[in-house]
Amino acid sequence: MALRDKFITTGGEKNSVLLCSSTHHLLEAKHHLSSSGVEIELVPAPSGIGSACTTAIRFVRAKEDLVRKLLEDSSIEWTGIYPIEKKDRIDTWDGLWQLNLGSEFERILQKVAQDQVLSKEEIIILLQAQRSDELTALFKAASKIRAEMLGATVDLRAAIEFSNYCIKGCNYCGLRSKQQINRYRMSKQEIISAVAEINQLGIETVILQSGEDPWYTTDKIIEIIQEIKDKFGMKITLSLGERSKQEYKKFKEAGADNYLLKLEAANRKLFKQLHPDDQFKVRREHTKWLKELGYITGSGNIVGLPGQKIEDLAADILFYKEYGIHMIGIGPFLPAKGTPYQNHPPGDLLLSLKTIAVTRLVCQNVYIPSTTALASLAEDGLTRGLEVGANVIMLIMTPTILREKYQIYSGKNMVGLKTAISSIKKAGREVPGYIKQGI
Ligand code: SAM
């Protein structure tokens, strides 16, 4: 069965979730269940089950007896198995139907309210919303689903951009190899010091991001992962670009939890136009490997790329759904000086917000950041993202003297804790309890 069919045919039927007592036990359970032939998926725990932003294992309810038996025969500590019922929200979303919606638009939102799967054409219609009542309804629905799935808390994560060297030539990116910029690499000690600062704030996840820089060999990355785990026990997201399957495996074994590898565009032609050095097939295959290796997978796309059409954005959203992506970063294109796309206009704020909202409606219980790119495009970008379905903010915690050198696009906003907290409050949302400072 093709991967695409596998996710389509089994994804919707996984109607039970398992919660474990810790990430360690969760990953043990994931390994144990999948090697025993139970089809599972890691997903953010639905609202009301566990605390916000914990991860659960979703599986087909018909396999519940087997799952219980496998757990009982092992030393895995688990806290519960919960059914996910198909919901009918038509009555509770009453306010939406009072709005002046076109009949087709209303029918599609009613399908969402009843947990029915949307077609590509229906996704396109939602993305094309222009009239004020339709936009209100779309954003409200996305916000309601976000609240239902993940509650009011906004998860805070912090990125260390540890190298701006890159061997690739992505046409949109300010770090592409041909750019004449000051390059830097952080040493392991510098990275660990930056992680210590993040840890002091109470943040639980660090994102290690860089250009594609083979100077950081497998062993170097493993040493960094192990030291972070030993010293701080934090969750680690890697965002290093494409590596070999063996490397992904070794990083995972060393303790990496999440891997962020954005597809950027699910349209093959558009992907190729953006990435002269990458292959569409390879990028999708890497995404599949990462999932198979047990990573919590991150992907994402850029809105407003040269030549991009609305149907391309719908294809991006369907890709996330089909591949069971857990973290979806959506941001507007922003021109970077010196790149082939430097004169292309920035992506549209409203279209970026609509893409976030529709992604929330289609993928439902996933992490969606209100991205740095949104914050760079509009002053209230972070708040607006949170209002239309996002539930994560990623802080930039690269040492101050290096930040200016990690200009993936010009005018990048260095989102800090203060900005994040004020955006969360403006959106009427909650700062996570693990944050120890700056509230
Ligand atoms: N090199 C790694 C990779 O390619 O996955 C990680 C770092 S990459 C510089 C981080 C992300 O920046 C990319 O995935 C892309 O989505 C985003 N990005 C780069 N240039 C951009 C631009 N001009 N506008 C918007 N987003 C951009």
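Since we're looking at a predicted model, the values are computed, not measured. (Residues numbered from 1 in each chain as written. Predicted model: local features only at pLDDT ≥ 70, side-chain atom pairs only at ≥ 80, totals over all residues. Heavy atoms only, no water.)

1. What about the packing of aromatic side chains?
- Taken as a whole, this structure holds nine aromatic pairs when the rule is applied.
- Look at tyrosine 248 and tyrosine 259: their rings are 5.0 Å apart centre to centre, the planes differ by 75°, and that puts the pair in the edge-to-face class. Residue tyrosine 248 is found in helix α10 (residues 245-254), and its partner tyrosine 259 is found in strand β8 (residues 258-260); the two are separated by 11 residues along the sequence. We note that tyrosine 248, like tyrosine 259, is buried.
- Taken together, a centroid distance of 5.7 Å and an interplanar angle of 85° make the contact between tyrosine 259 and tyrosine 295 edge-to-face. (Phe/Tyr/Trp six-rings, centres within 6.5 Å; stacked < 30°, edge-to-face > 60°. Helix = DSSP H or I, 4+ residues; strand = E, 2+ residues; numbered from the N terminus. Buried < 20%, exposed > 50% of the residue type's maximum accessible area, 1.4 Å probe, protein only.)

2. Focus on the pairing of strand β10 (residues 327-332)
- Burial of β10 is extensive: six of the six residues sit out of reach of the surface.
- Alternating residues of β10 divide into Met327, Gly329 and Gly331 and Ile328, Ile330 and Pro332, and every residue in both groups is buried.
- Relative to β10, strand β9 (residues 296-303) runs parallel, the two being bridged by six bridges. Pairing of glycine 298 across the sheet is with methionine 327, part of β10.
- Once you follow β9 into helix α13 (residues 310-323) and on to β10, the crossover reads as right-handed. (Pairing = 2+ DSSP bridges. Right-handed = clockwise from strand over helix to strand, strands pointing away.)

3. A word on empty space enclosed by the protein
- Summed over all chains, the structure comprises one cavity of 30 Å³ or more.
- Within the residue set of the lining of the largest cavity, elements represented by two or more residues are β5 (155-163), β6 (205-210), β7 (235-239), β9, β10, α15 (372-377) and β11 (392-396).
- Here the element with the most residues in the lining of the largest cavity is β10; it accounts for six residues.
- Counted by class, the lining of the largest cavity contains 24 nonpolar, 13 polar and 10 charged residues. (1 Å grid on protein atoms, 1.4 Å probe; cavity = no way out; pocket = protein on both sides within 12 Å on 5 of 7 lines; lining within 4 Å. Points joined across faces, edges and corners; volume = space filled by probe spheres on them. Nonpolar A, V, L, I, M, F, W, Y, C, P; charged D, E, K, R; others polar.)

4. Examining helix α9 (residues 218-232)
- In this model, α9 (15 residues) spans 21 Å end to end at C-alpha, consistent with the 21 Å of a helix rising 1.5 Å per residue.
- Along α9, the positions that sit buried rather than exposed are Thr218, Ile221, Ile222, Ile224, Ile225, Glu227, Ile228 and Phe232.
- Looking at the packing, one finds that the buried side of α9 touches β5, α8 (188-201), β6, β7 and α10.
- Remark: glycine 233 follows α9 within two positions and exhibits a positive phi of approximately 60°. (Expected span 1.5 Å × (residues − 1). Contact = heavy atoms within 4.5 Å.)

5. Digging into unusual backbone geometry
- Here aspartate 115, not a glycine, exhibits a phi torsion of approximately 60°, which is positive.
- As for its placement among the helices and strands, aspartate 115 is situated in the loop between α5 (103-113) and α6 (120-127).
- Within the chain, glutamate 264 stands out as a residue other than glycine whose phi angle is a positive 75°.
- By the element assignment, glutamate 264 lies in the loop between β8 and α11 (268-274).
- Looking at glutamate 264, the relative accessible area reads 10%, which means it is buried.

6. Here we look at the pattern of salt bridges
- The full count for this structure, using the stated rule, is 26 salt bridges.
- With a closest N to O distance of 2.9 Å, glutamate 212 and lysine 168 form a salt bridge. Placement of the pair is glutamate 212 in the loop between β6 and α9 and lysine 168 in the loop between β5 and α8, with a sequence separation of 44 residues. (Salt bridge = Lys/Arg side-chain N within 4 Å of Asp/Glu carboxyl O.)

7. Here's the deal with the environment of alanine 314
- As for its placement among the helices and strands, alanine 314 is situated in helix α13.
- The sequence separation of alanine 314 and isoleucine 203 amounts to 111 residues, and the corresponding C-alpha distance is 33 Å.
- Among residues more than four places away in sequence, those in contact with alanine 314 are Lys120, Ile123, Ile124 and Leu127.

8. Points about the domain arrangement of the protein
- Per the domain assignment, the segments of the protein are domain 1 (3-84), domain 2 (94-149) and domain 3 (152-426).
- One C-alpha centre belongs to domain 2, the other to domain 3; they are set 28 Å apart.
- With 21 residues of domain 2 in contact, the opposing surface of domain 3 contributes 25 residues.
- Counting each side, the surface lost to burial between domain 2 and domain 3 is near 2000 Å², with a carbon and sulfur contribution of 78%.
- Inspection of the region where domain 2 meets domain 3 yields zero salt bridges.
- Of all the secondary structure elements, the ones that give two or more residues to the side of domain 2 that touches domain 3 are α5, α6 and α7 (132-150).
- In terms of residue count, the dominant contributor to the side of domain 2 that touches domain 3 is α7 (nine residues).
- A breakdown of the residues in the side of domain 2 that touches domain 3 according to their chemical character gives 15 nonpolar, three polar and three charged. (Domains from an automatic or database assignment. Buried area = accessible area lost by both parts, 1.4 Å probe.)

9. A word on the site of the ligand
- Surrounding the ligand, one finds 18 residues, the nearest of these being Tyr172, Ser210, Lys262, Glu264 and Leu334.
- Separating an oxygen atom of the ligand from a side-chain N or O atom of glutamate 264 is a distance of 2.5 Å.
- At a separation of 3.5 Å, a nitrogen atom of the ligand approaches a polar backbone atom of isoleucine 408.
- More than half of the atoms belonging to the ligand lie within 2 Å of the grid points that define the largest cavity.
- Split into classes, the residues belonging to the shell around the ligand amount to 10 nonpolar, five polar and three charged. (Near = heavy atom within 4 Å. Polar contact = N/O pair within 3.5 Å; in protein donor to acceptor, adjacent residues only side chain to side chain. Sits in = over half its atoms within 2 Å of the grid points.)

10. Brief notes about the side chain of glutamine 308
- Tracing the backbone shows glutamine 308 in the loop between β9 and α13.
- When residues no more than four places from it in sequence are discounted, the contact partners of glutamine 308 are Leu270, Ile302, Val303, Leu313 and Asp316.

11. A short note on the nonpolar core
- Of all hydrophobic cores here, the largest spans 138 residues; its most connected members are Leu109, Leu208, Ile228, Leu238, Ile393 and Leu395.
- Apart from the residues within four sequence positions on either side, leucine 109 is in contact with Trp93, Leu96, Trp97, Leu101, Leu126, Ala137, Leu138, Ala141 and Leu361.
- Counting six residues, the second-largest nonpolar core is a separate cluster that includes Val17, Leu19, Val43 and Ala56. (Core = buried A, V, L, I, M, F, W, Y, C linked by side-chain atoms within 4.5 Å.)

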